[in-house]
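Residue-level structural notes
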Amino acid sequence: MQSRLRVRGHPIQPMLVTFPLGLFVSAVVFDLIDVLGGPAFLGEVGYWTAVAALVAAALTAVAGMVDLWDVPGDRTRRTAVAFNLVNTAMAAMFLLTCLVRSHSPQRGASAAILITELVALAVGGVGVHLGAQLMRQFDTGRAEAGGLDTLAGSTVKMTRPRP
């Protein structure tokens with residue numbers, strides 16, 4: 001299966017997934033520091049980082065939906081639908097925390113918000129697992145990482161240094 005959305009032969013959606021995940025993790029780190037007594041502005045930084053992650057998640061979801069059209073109706077399709085639903089659930093949990101925080105003046109995090117975000121990251125971990133499954137199913141021609149012998153057909157050339 002080939003993705004409809006590609007850049008120089010590489011599917012866009014797996015590349016885009018890293019942005020919301022990284023931003024969500026960063027938001028949780030900022031909120032954790034805020035809850036543990038760090039500077040108050042880090043709570044607001046965490047809030048705006050989560051908002052940026054939600055925008056990135058929306059763009060990623062659009063790319064995922066476009067790719068979903070071409071997925072064959074077998075186990076791969078079920079995995080792709082589960083992947084998109086899990087990532088949507090994670091984004092929905094972060095959206096909930098952002099909506100709660102938007103009404104406070106400094107938009108700082110609380111312990112309940114931090115726990116909700118940690119649960120959302122755990123849900124996102126399931127999404128990462130499902131995404132890895134999809135990549136293995138879609139990219140069957142790719143050599144699996146296992147040692148230097150797997151680089152034989154790649155464009156990477158290994159040479160010994162000269163004395």
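These lines cover the structure that appears in this document, whether it is placed above or below. Note that the structure is a prediction, hence the values are computed from the model and not measured. (Residues numbered from 1 in each chain as written. Predicted model: local features only at pLDDT ≥ 70, side-chain atom pairs only at ≥ 80, totals over all residues. Heavy atoms only, no water.)

Glancing now at the overall build of the chain. Assigned secondary structure in the chain consists of four helices and two strands. Reading the chain from its N terminus to its C terminus gives the helix and strand order β-β-α-α-α-α. Within the span of the chain, comprising 163 residues, buried residues form 31% of the whole. For the chain, contacts bridging at least 24 residues in sequence account for 70% of all contacts bridging at least 6. Counting only carbon and sulfur atoms, one obtains 67% of the accessible surface of the chain, whose full area is about 10,100 Å². (Helix = DSSP H or I, 4+ residues; strand = E, 2+ residues; numbered from the N terminus. Buried < 20%, exposed > 50% of the residue type's maximum accessible area, 1.4 Å probe, protein only. Contact = heavy atoms within 4.5 Å. Areas by Shrake-Rupley, 256 points an atom, 1.4 Å probe, with all protein chains shown as cover.)

The next point concerns helix H1 (residues 12-35). Helix length check: H1 (24 residues) gives 36 Å between terminal C-alpha atoms against 34 Å at 1.5 Å per residue, within 8%. Of all the positions in H1, only Gln13, Val17, Pro20, Phe24, Ala27, Val28, Asp31 and Asp34 are classed as buried. One or two residues past the end of H1 sits Gly37, with phi positive at roughly 105°. (Expected span 1.5 Å × (residues − 1).)

Looking now at a nonpolar patch on the surface. A surface patch of nonpolar side chains, amounting to about 220 Å² of accessible area, comprises Val25, Val29 and Ile33. Looking at the element boundaries, Val29 is found in helix H1. (Patch = residues over 30% accessible without salt bridge, like charges linked within 9 Å, V, L, I, M, F, W, Y side chains within 5 Å. Salt bridge = Lys/Arg side-chain N within 4 Å of Asp/Glu carboxyl O.)

Time to look at the nonpolar core. Among the nonpolar cores identified, the biggest contains 14 residues, and Phe24, Ala50, Leu54, Met90, Phe94 and Cys98 are the most heavily contacted of them. Mapped onto this core, the elements with two or more residues apiece are H1, helix H2 (41-68), helix H3 (75-101) and helix H4 (111-138). When residues of this core are assigned to their parent elements, the largest contribution, five residues, is made by H2. Not counting residues within four places of it along the chain, the set of residues in contact with Ala50 comprises Phe24, Ala27, Phe94 and Cys98. Ranked by size, the runner-up nonpolar core spans eight residues in total, among them Val17, Val71, Phe83 and Leu130. (Core = buried A, V, L, I, M, F, W, Y, C linked by side-chain atoms within 4.5 Å.)

It is worth stressing that arrangement in space is one thing and function is another; only the former is reported here.
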